Amino acid sequence: MDTVMGVNSVTIAVEGMTCNSCVQTIEQKIGKENGVHLIQSLLQTLLLDSDKETCGKTAIWTHSKEETKPLIQDKEEAKTPAKCYIQVTGMTCASCVANIERNLRREEGIYSVLVALMAGKAEVRYNAALVQPPMIAEFIKELGFGAVVMENAGEGDGVLELIVRGMTCASCVHKIESTLMKTRGIFYCSVALATNKAHIKYDPEVIGPRDVISTIQNLGFEASLVKKDRSASHLDHKREIQQWKRAFLVSLFFCIPVMGLMIYMMIMDHHLSSIHQHHNLSQEEMASYHSAMFLERQILPGLSVMNLLSFLLCIPVQFFGGWHFYIQAYKALRHKTANMDVLIVLATTIAFAYSLVILLVAMAEKAKVNPITFFDTPPMLFVFIALGRWLEHIAKGKTSEALAKLISLQATEATIVTLDSDNILLSEEQVDVELVQRGDIVRVVPGGKFPVDGRVIEGHSMVDESLITGEAMPVTKKPGSPVIAGSINQNGSLLIRATHVGADTTLSQIVKLVEEAQTSKAPIQQFADKLSGYFVPFIVIISVVTLLVWIVIGFIHFEVVETYFPGYNKSISRTEVIIRFAFQASITVLCIACPCSLGLATPTAVMVGTGVGAQNGILIKGGEPLEMAHKVKVVVFDKTGTITHGTPVVNQLKVLVESSKISRNKILAIVGTAESNSEHPLGAAVTKYCRQELDTETLGTCTDFQVIPGCGISCKVTNIEALLHKNDWQVEENNLKNASLMDLDANDGQPGHSSLIIDAQVPTASNSQKYTVLIGNREWMNRNGLVIKNDVDSVMIEHERKGRTAVLVAIDGVLCGLIAIADTVKPEAELAVHTLKSMGLEVVLMTGDNSKTARSIASQVGIKKVFAEVLPSHKVAKVKQLQEEGKRVAMVGDGINDSPALAMANVGIAIGTGTDVAIEAADVVLIRNDLLDVVASIDLSRKTVKRIRINFVFALIYNLLGIPIAAGVFMPIGLVLQPWMGSAAMAASSVSVVLSSLLLKLYKKPTYEKCELRAHYQVGRKSPSEISVHIGLDDTSRDSPKLGLLDQIVNYSRASINSLLSDKRSLNSIVLSEPDKHSLLVGDFRDDDDTSL
């Protein structure tokens, strides 16, 4: 019990709370007691080490008559369970996945399990009070699989594993722990003397791994990082490939002699039957001839050379080659499940046991006729199964190549440099990349990889970012440019300041996203997993039924067996022939059935699809969005930052006075200087434009600067003469270059009057002149007594109709210029919209902007339906409204205000330059700021789902046809399968499904040129009258009257005639002059050129 300011507080552990209603019950009950002033209950799960006691629930109340604040505010309700990742090895098919998931869910304290067959990874959500990751790994090991807890797989930054050497006793441990816990920024520290390991949690904003290591070293101990495996070795399946290759070669070594014996016997049987036909031998003569053959000679009564050799060759394959299958099958059956291994073990063991029993009975009876055995079946089955698994793992390794390539991009070391206050190099140090801290300065040499994300502070270079963003061309980097970890520096040495390190780098986030995507399951795969759970028992039943049916048929109609049984020999008894025939059919059923191909159909395609997407700069967060994207019917685009650049740009400067009074450059210099003090985005756009036009970084001097919100600015501008002089000299230089066209006055060196010089006017005033400047809207000009003429007003109205902001400029009381500013549409937006429409999708624009601007932008990109003036909270309602119409919606956005809508949409697509919140909420993240990647993501989804369906067709048709053939249903038409043929077909089905998925690697995303070629001349802007604009949540559209049938026909025929005429015109223009590739997308903006009124 603590006493604070006369207030007694007590903390009590409460067990048995399960939800918030328990919390409320306790609070209400105790809150009524006398003297209890405040009670605050926290339903919370604390994640501690497995050897420490966990207190899961706490209740706090305080006794006081005074008003007090809650004593504990920093504890949040930890509603979310803890999460860990476990690397699982030894899984072969979907039934293994189902087995692990089903058995783990039965364990106390485990909420959910998600196992990825292809990534070899399990994601487990658990109650840390009841179970810990090492225990979960043990549960998986008991099921017969390899399991290792993946350290810090989901924890992100701020966790450090160190090896500490030099500790001798418990006091060393205490010394390290107490010193570190006193250090600012360290939350938790645990040092184990037995393993020499330290586990530290810290705040990366305050302290870094190098600081922690140096603190330990200052205490007199050695400390180093626990080396992590960065090679992605678990993804390349090398160990499994080696294992199955070895198994295949061992089985093959014993199988070749067995096959040789089998072929020899088949040839001899054929030879015997031909002698029987030609010489008409009796049964006795046939039997004596048969037993006279070398392989049929009896060593002991009932034991022939053939059977003895087959038995000896079968034993090593059965018990050494098949050892792995026996272990897996035993573990599966122990947990009351059945998988692929159970089928294989059943088939081979029955064949071996049946043959052995028959042979022993024959020897006991001293039979003169040799029994027919199945000793040739197990070696041949194991050969084909091992070959199939070997090829399957090679192919699986290929499917995860993209992820392995991403992981291998990560640099292992970094060169940290120390600079003094004058940026002079003091020292350089090579450190492990995990020791780089935020704010460190890192040197990257030409040809080196960037170890962390950062910003260039010194140097110029070209950087290859193709493996991360998919951008083929090298990107120029100069001071201030951002750089991405994993990209390659090409020609110049750079110094960068680290901004994101460890798990926060773009590359780490991409790897994490792709890994999670490949762990998640597509809904179609869950169906396949369920199916494969019932598959094995079903096949065993079919096999038993086949055995019984053929025994019955054999005894009733022996002629059927006699006709269709290959190699029937009359020297053998009828009963033996019937049983052998029935056994062969039932074993073939066990051999041919393959749940593997069903289980591999989806994850292999999802793995290749997400990998190919990542290589093309499209991050798809799992199987579900990948599968959902192909069902999308409506694509909703946010306007600002998605369809448009998101930053205002000056479209046009109109000079409203004669150039003899004031030149255009002078207006640019004055306006640029005036707006340089403004913090408004429009002001920044104007300054940027003026600097570009004047080709200068420095501007004049601005004084008496005043901002009137909603109106404009006023100020005084001086010292612009230097800018104009500089510009005049540039004009003069250009004129000198064109001397043949000019008259030059040699005496004063000034350019003569020429039609080529428009604005070159040298100021006559030698002293610096002061200009009074007003920049703003109509109201600001009217307030300052300036009259706006009708022609100027009409130009402003025209700009506003196009969604631009028109700003007026007055210098020394004279209206001199009009500046049109707008957020410009991205160059590829129109083509992206057209391509989406051609794919059969409806495209909608949604924006919080006014209806004029929204209509203008929509007309530029060819969108017909617009939701304007929509508040961020209403964007979700709009998406929901579209979904209620029965449409699947994809939302494309970039800002925080888009994130709820991105989460609500069936598929949320975030532009990579957007905010972290939007990227977190989205299902698909586009690394590049390119709208054609929206097209590519939907296209990739369609291709992947098509591939999954093809895989399922492969797997299902194969099983649906293979099982009846094996059972002997098609014997009347001559289709008979041997068990080894069944196992060969089974192996082929798995390999064919994986190879089919690998064809996705050939996917090429739609390029600008390809889309443009497909669009041809159809890309057309919509006239404003064709666009329906819906304001806010109101669903009534403006300016889109319903047309009658006759009007529709007239409009349609008019549009057809226009398109024919435009096609003719465009054909003529091609003949006259070949347009460049951008001319299809860029409208005729000649009326928007800089002109004087």
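Being a predicted model, the structure only gives us computed values, none of them experimental.

Participant: I'd like a rundown of the overall build of the protein chain, residues and numbers included.
Facilitator: A count of helical and extended segments in the protein chain gives 34 helices and 38 strands. Classification of the 1093 residues of the protein chain by burial places 49% in the buried group. When contacts within the protein chain are restricted to residue pairs at least 6 apart in sequence, long-range pairs at least 24 apart make up 72% of them. Taken as a whole, the protein chain presents about 52900 Å² of accessible surface, with 57% of it coming from carbon and sulfur.

Participant: Requested: an account of the packing of helix H21 (residues 664-675) against helix H22 (residues 681-694), with residues and values cited.
Facilitator: The N-to-C vectors of H21 and H22 enclose an angle of 140°; their axes lie 8 Å apart at closest approach. Comparing the axis directions of H21 and H22 gives the class oblique. When you trace H21 past H22, the crossing you get is left-handed. Counted together, Arg664, Asn665, Leu668, Ala669, Val671, Gly672 and Glu675 of H21 and Gly683, Val686, Thr687, Tyr689, Cys690, Glu693 and Leu694 of H22 form the full contact between these two elements. Residues of the contact of H21 with H22, tallied by class, amount to seven nonpolar, four polar and three charged.

Participant: I'd like a rundown of helix H9 (residues 323-334), residues and numbers included.
Facilitator: Given a rise of 1.5 Å per residue, 12 residues ought to cover 16 Å, and the 17 Å separating the end C-alpha atoms of H9 matches this to within 8%. Buried residues of H9: Phe325, Gln328, Ala329 and Ala332, and no others. Burial along H9 is one-sided: seen end-on, the buried residues are contained in an arc of 100°. Opposite its buried face, H9 presents the exposed residues Trp323 and Tyr330, each directed more than 90 degrees away. Lysine 336 lies just past H9 and shows a positive phi near 55°.

Participant: Can you lay out the sheet that holds strand E16 (residues 425-432) for me, pointing to particular residues and giving the numbers?
Facilitator: Read across the sheet, six strands follow the order E16-E15-E17-E23-E18-E21 without closing on themselves; strand pairing throughout is antiparallel. Two strands close off the open sheet at either side, each with one partner strand: E16 and strand E21 (482-483). Sheet topology places strand E15 (residues 413-419) next to E16; seven bridges connect them, and they run antiparallel. Across the sheet, the residue bridging to isoleucine 416 is glutamate 429, located in E16.

Participant: Requested: an account of the packing of aromatic side chains, with residues and values cited.
Facilitator: Tallied over the full model, the rule gives 11 aromatic pairs. Residues phenylalanine 253 and phenylalanine 254 carry aromatic rings whose centres are separated by 5.2 Å and whose planes lie at 90° to one another, so their mutual orientation is edge-to-face. A relative accessible area of 61% places phenylalanine 253 in the exposed class. Here lysine 201 stacks its cationic end above the ring of tyrosine 188, 5.7 Å away from the centre of that ring. Positioned over the ring face of phenylalanine 867 is lysine 878, at 4.3 Å from the centre of the ring.

Participant: Run through the pairing of strand E30 (residues 805-811), naming residues and quoting values.
Facilitator: Most of E30 sits out of view: six of its seven residues are buried. In this structure, strand E29 (residues 771-776) lies alongside E30, joined through four bridges in antiparallel fashion. Residue pairing across strands places leucine 774 opposite alanine 810, the latter belonging to E30. Looking at chain direction, E30 and strand E31 (residues 814-825) are connected through seven bridges and run antiparallel. Note that in E31 the partner of alanine 806 across the bridge is alanine 820. Counting the residues that bridge the hairpin from E30 to E31 gives two residues, and of these aspartate 812 lies at a positive phi of roughly 50°.

Participant: Could you give an account of the environment of alanine 967, with specific residues and numbers?
Facilitator: Considering the arrangement of structural elements, one finds alanine 967 in helix H31 (residues 932-967). For alanine 967, a relative accessible area of 13% translates into the label buried. On a C-alpha basis, the gap between alanine 967 and serine 586 in space is 6.5 Å, while along the polypeptide they are 381 residues apart. If we ignore the near neighbours within four places in the chain, the residues touching alanine 967 are Thr546, Trp550, Ala585 and Val589.

Participant: Before we move on, can you summarise the pairing of strand E25 (residues 634-638) with the specific residues and values?
Facilitator: Buried residues dominate E25, accounting for five of its five residues. Every second residue of E25 is oriented toward a common face, with Val634, Val636 and Asp638 on one face and Val635 and Phe637 on the other, all of them buried. Where E25 and strand E32 (residues 842-846) come together, five bridges link them in parallel fashion. By the bridge assignment for E32, aspartate 638 is matched with methionine 846. Inspection of the sheet shows E25 paired to strand E34 (residues 889-893) by four bridges, in the parallel sense. Residue pairing across strands places valine 636 opposite methionine 891, the latter belonging to E34.

Participant: Residues and numbers for the nonpolar core, please.
Facilitator: In this structure, Val635, Phe637, Ile643, Leu836 and Val934 are the most contacted members of the largest nonpolar core, which totals 111 residues. With 13 residues, the top contributor of residues to this core is H31. The contact partners of phenylalanine 637, leaving out residues within four places of it in the chain, are Thr642, Ile643, Leu836, Val843, Val844, Leu845, Met846, Val892, Leu931 and Val934. By size, the runner-up hydrophobic cluster in this structure holds 37 residues, among which are Ile216, Ala223, Val483 and Ala498.

Participant: Would you mind going over the confidence of the model for the protein chain in detail, with residue names and values included?
Facilitator: Atom-level detail of predicted coordinates should not be read off regions where pLDDT is low. Considering every residue of the protein chain, the mean pLDDT works out to 75; 73% of them sit at 70 or more. When the criterion is pLDDT under 50, residues 1036-1043 qualifies, and its contacts beyond four places in sequence or with other chains add up to 16 contacts. pLDDT under 50 marks residues 1049-1093. Its contacts with residues more than four places away, or in other chains, come to 44 contacts.

Participant: Describe the sheet that holds E30, with residues and values.
Facilitator: One open sheet accounts for six strands, arranged E26-E31-E30-E29-E28-E27; its pairing is antiparallel. If you trace the sheet from one side to the other, it starts and ends with strand E26 (644-655) and strand E27 (701-708), each paired once. Neighbour to neighbour, the strand axes of the sheet diverge by 20° on average, direction disregarded.

Participant: Give me the lowdown on unusual backbone geometry, citing residues and values where you can.
Facilitator: Only a minority of non-glycine residues have a phi that is not negative, and only a minority of peptide bonds are not trans. In this structure, aspartate 704 is a non-glycine residue whose phi angle is positive, near 50°. Within the fold, aspartate 704 resides in strand E27. Taking the relative accessible area as the measure of exposure, aspartate 704 reaches 54% and is therefore exposed. The phi torsion at aspartate 812 lies on the positive side, around 50°, for a residue other than glycine.

Participant: Any chance you could break down the environment of lysine 639 for me, citing the residues and the numbers?
Facilitator: Residue position: lysine 639 is located in helix H20 (residues 639-643). Distance from lysine 639 to aspartate 894, taken between C-alpha atoms, is 9.5 Å for residues 255 residues apart in sequence. In this structure, lysine 639 is in contact with Thr644, Asp823, Leu845, Met846, Thr847, Asp849, Thr853 and Ile857, ignoring residues within four places of it in sequence.

Rules and cut-offs
Residues numbered from 1 in each chain as written. Predicted model: local features only at pLDDT ≥ 70, side-chain atom pairs only at ≥ 80, totals over all residues. Heavy atoms only, no water. Helix = DSSP H or I, 4+ residues; strand = E, 2+ residues; numbered from the N terminus. Buried < 20%, exposed > 50% of the residue type's maximum accessible area, 1.4 Å probe, protein only. Contact = heavy atoms within 4.5 Å. Areas by Shrake-Rupley, 256 points an atom, 1.4 Å probe, with all protein chains shown as cover. Axes fitted to C-alpha atoms, helices over the stretch in contact; angles between N-to-C directions. Parallel < 35°, antiparallel > 145°, perpendicular 65-115°, else oblique. Left-handed = near helix turned anticlockwise from the far one by under 90°. Nonpolar A, V, L, I, M, F, W, Y, C, P; charged D, E, K, R; others polar. Expected span 1.5 Å × (residues − 1). Arc of directions from axis to C-beta. Pairing = 2+ DSSP bridges. Phe/Tyr/Trp six-rings, centres within 6.5 Å; stacked < 30°, edge-to-face > 60°. Lys NZ or Arg CZ within 6 Å of the ring centre and 35° of its normal. Core = buried A, V, L, I, M, F, W, Y, C linked by side-chain atoms within 4.5 Å. pLDDT = per-residue confidence, 0-100.

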